[in-house]
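Each chain, letter by letter, is given below.
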Amino acid sequence: MKEAYLYKKLENQNVQCQNCAHYCIIKAGARGICGVRQNIDGKLYALNYGKAVSCQIDPVEKKPLFHFLPGRMTLSIATAGCNFACANCQNYSISQEPKKMAQLPGENFPPEQVIAAAQENNLPSISYTYVEPTIFSEYALDTMKLARNAGLKNIWVSNGFMSSECQQMIFPFLDADNIDIKSFSDEFYKNYCGGRLQAVLDTAIAAKKAGIWLEITTLIIPTLSDDKKMLKEIAEFIVKELGKETPWHISRFFGDISWKLKHLPPTPLATLKMTYNLAKEAGLLYVYVGNAPGTTLENTLCPQCGALCIERHGYDIIRYDKSGKCPQCSTTLNIL
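Thresholds, definitions, all that
Along each chain, the written sequence defines residue order, and numbers are assigned to residues from 1. Only residues with pLDDT of at least 70 get local features here, since the model is predicted, and only at 80 or more are side-chain atom pairs given and counted; chain-wide, interface and lining totals rely on the full set of residues. Computation of side-chain values: all heavy atoms of the structure, hydrogens and water removed. Each helix corresponds to a stretch of at least 4 residues labelled H or I by DSSP, and each strand to a stretch of at least 2 residues labelled E; elements are numbered beginning at the N terminus. For the radius of gyration, the atoms used are the C-alpha atoms, and the globule rule reads 2.2 Å times the number of residues raised to 0.38. When a residue's accessible area, from a 1.4 Å probe over protein chains only, is under 20% of the maximum for its type it is buried; when over 50% it is exposed; and in between it is partly exposed. When checking whether two residues touch, look at their non-hydrogen atoms; a contact exists if any pair is within 4.5 Å. Reported accessibility uses the Shrake-Rupley method at a 1.4 Å probe radius. Residues are deemed covered only where the shown protein chains occlude them. We treat Lys and Arg as the positive residues and Asp and Glu as the negative residues; His and chain ends play no part in the count. Where a charge lies is defined by one atom per residue type, namely NZ (Lys), CZ (Arg), CG (Asp) and CD (Glu). Residues are said to line a cavity or pocket when one of their atoms sits within 4 Å of a point; the points come from a 1 Å grid over protein atoms alone, cavities being sets where a 1.4 Å probe fits but cannot get out and pockets being open sets with protein on both sides within 12 Å along at least five of seven lines. Grid points are joined across faces, edges and corners, and a volume is the space filled by probe spheres set on the points. Each residue gets one of three labels, nonpolar for Ala, Val, Leu, Ile, Met, Phe, Trp, Tyr, Cys and Pro, charged for Asp, Glu, Lys and Arg, and polar for the others, Gly among them. Note: two strands are recorded as paired if DSSP finds a minimum of 2 bridges between them. Whether a crossover is right-handed comes down to one check: with the strands pointing away from the viewer, does the path from the first strand over the helix to the second run clockwise; if it does, it is right-handed. Just to be clear on terms, a salt bridge is a Lys or Arg side-chain nitrogen sitting within 4 Å of an Asp or Glu carboxyl oxygen. Any residue with relative accessible area above 30% and no salt bridge may belong to a patch, with like charges joined within 9 Å and the nonpolar Val, Leu, Ile, Met, Phe, Trp and Tyr side chains within 5 Å. Under this scheme, a helix contributes an axis fitted over its contacting stretch, all axes are lines through C-alpha atoms, and angles between N-to-C directions fall in the 0 to 180 degree range.

Colleague: What should I look at first to understand the overall build of the protein chain in this one?
Modeller: Scanning the protein chain from N- to C-terminus turns up eight helices and 19 strands. A globule of 336 residues ought to have a C-alpha radius of gyration of about 20 Å, and the protein chain, at 20 Å, matches this closely. Taking all 336 residues of the protein chain together, 57% fall into the buried category. Across the protein chain, every contact between residues at least 6 apart in sequence was considered, and the portion connecting residues at least 24 apart equals 65%. In the form shown here, the protein chain has an accessible surface area of approximately 14,100 Å², with 49% of it arising from carbon and sulfur atoms. Averaging the coordinates of the 35 positive side-chain charges in the protein chain and doing the same for the 32 negative ones gives two points 1 Å apart.

If you want it as structure tokens, here you go:
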């Protein structure tokens, strides 16, 4: 447990959390929407500080990041809790269930040990993932500072629902970010995530302006987030506001592993291919289809001549580019 870095004291021992875009007003003894920040006698504490519920080594492509340290592994860490309550969540056992617990789960894993684990395994980066890293921002920030000093890269996998105060605190130490744009509908965010669209878009724009390498993911859920017009709006937003070089990951939904949408069928391959095509028509240079084995739509093609530059089979890749360039025409592939 650690006193929160971003909050404001109010009257009658109330506090306002300034960590995410909910800006929760929290009464004494209560917790915020995330379930891991508690007002104790007029001070706000992060109950999950240094308490890792997950720590494992993943391919960076799993985040997914296809243009940042491709082919390398990353140390992934998470605590309990989340500031969203997404009906499609696959990690609900650590993002949602702990909100009801008097004592949060997790093992003591302080920032110094996180860095040591990355170094012992010769890993070039640390990923803050599985749940929304904003809700463990103190733990993440302290780790990120040590990582930067040690020459390690910092990666967030985020829903983008950060406060501007948290952006200012985190962005100077953040190297890459994959942000979910779950829909271009505020109603969807309110009804199926417990959030708001504009705050997510604002974070994505701010991250890009801060020079952070950014990739976007959209899970296409049948009947809920598969509208062609809406998907085109996401593609156009990415081109206009984030840049046509920003990769867009179109991910296939499977209801049987979701929290509350088990009744919905998997995303049809035709929907994924339709979205891929409209994204390319909108001007995006790099579009990828995930969770759909058997397609070739996870490969990186040269945006200039169309040559195959990186071939992917799941998380295994074969590199064809020359130091981030097309092997045929030498066009840059925007790879860090």
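Back to the write-up after that little detour.
Colleague: Explanation requested: empty space enclosed by the protein in the structure shown.
Modeller: Over the atoms, a rolled probe matching the size of one water molecule traces out where space is still vacant. Across all of its chains, the model carries one cavity of 30 Å³ or more by this definition. In terms of lining, the largest cavity is formed by Cys17, Asn19, Cys20, His22, Cys24, Ile26, Gly32, Ile33, Cys34, Arg37 and Ile135. Its residues assigned to classes, the lining of the largest cavity comprises seven nonpolar, three polar and one charged.

Colleague: So what exactly am I meant to see when it comes to the pairing of strand β11 (residues 125–128) here?
Modeller: In regular strands, side chains alternate between the two faces of the sheet. Residue alternation in β11 divides its side chains into two sets, Ser125 and Ser127 and Ile126 and Tyr128, and both sets are buried. Relative to β11, strand β9 (residues 73–78) is paired through three bridges, and the arrangement is parallel. Residue pairing across strands places isoleucine 77 opposite tyrosine 128, the latter belonging to β11. Across four bridges, the pairing between β11 and strand β12 (residues 153–158) is parallel. Paired with serine 127 across the bridge in β12 is isoleucine 155. A crossover connection joins β11 to the parallel β12 through helix α3 (residues 137–149); in handedness this β-α-β unit is right-handed.

Colleague: In this structure, what is going on with the pattern of salt bridges? I would like to understand it.
Modeller: Opposite charge on two side chains makes pairing possible when the charged atoms of those side chains draw close. This structure, assessed with the given rule, holds nine salt bridges. One salt bridge in this structure joins aspartate 186 and lysine 190, with 3.3 Å as the shortest N-O distance. With aspartate 186 and lysine 190 both in helix α5 (residues 186–192) and four residues apart, the pair spans about one turn of that helix. Between lysine 208 and glutamate 245 there is a salt bridge; the shortest N-O distance is 3.0 Å. With lysine 208 in helix α6 (residues 197–209) and glutamate 245 in the loop between α7 (228–242) and β15 (248–252), the pair connects residues that are 37 residues apart, well separated along the chain. A relative accessible area of 22% places glutamate 245 in the partly exposed class. By sharing partners, the salt bridges in this structure join Asp58, Lys62 and Lys63 into a single network.

Colleague: Could you clarify how one ought to interpret a nonpolar patch on the surface in this entry?
Modeller: On the surface, Leu301, Leu308, Ile318 and Tyr320 cluster together to form a nonpolar patch covering roughly 310 Å² of accessible area. Note on placement: leucine 301 falls in strand β17 (residues 300–301). With a relative accessible area of 34%, leucine 301 lands in the partly exposed category.

Colleague: Whenever I open this one, the sheet that holds strand β3 (residues 15–17) confuses me. Can you help?
Modeller: Whenever strands of a sheet pair, they do so through backbone hydrogen bonds, lying parallel or antiparallel. Overall, antiparallel pairing links the three strands, which are arranged β2-β3-β4 in an open sheet. Each of the sheet's edge strands pairs with one partner strand only, and the pair in question is β2 (7–9) and β4 (25–26). Two elements, β2 and β3, share three bridges in a ladder whose sense is antiparallel. Its bridge partner lying in β3, lysine 9 is registered against valine 15.

Colleague: Hey, could you run me through the side chain of lysine 63 in this one?
Modeller: Turning to its location among the elements, lysine 63 is positioned in the loop between β8 (54–59) and β9. A relative accessible area of 6% means that lysine 63 is categorised as buried.

Colleague: Even after reading the chapter, I still don't get the sheet that holds strand β16 (residues 287–290), so can you show me in this structure?
Modeller: The strand order across the open sheet formed by eight strands is β8-β9-β11-β12-β13-β14-β15-β16, and the pairing between neighbours is mixed. Each having just a single partner strand, β8 and β16 make up the two edges of the open sheet. Ignoring strand direction, the axes of neighbouring strands in this sheet form an average angle of 20 degrees. Pairing analysis gives six bridges linking β8 to β9, with the strands arranged antiparallel. Within the sheet, the bridge partner assigned to aspartate 58 lies in β9 and is threonine 74. Sheet contacts for helix α8 (residues 269–282): β14 (213–220), β15 and β16; angle to β15, the most-contacted strand, approximately 170 degrees.

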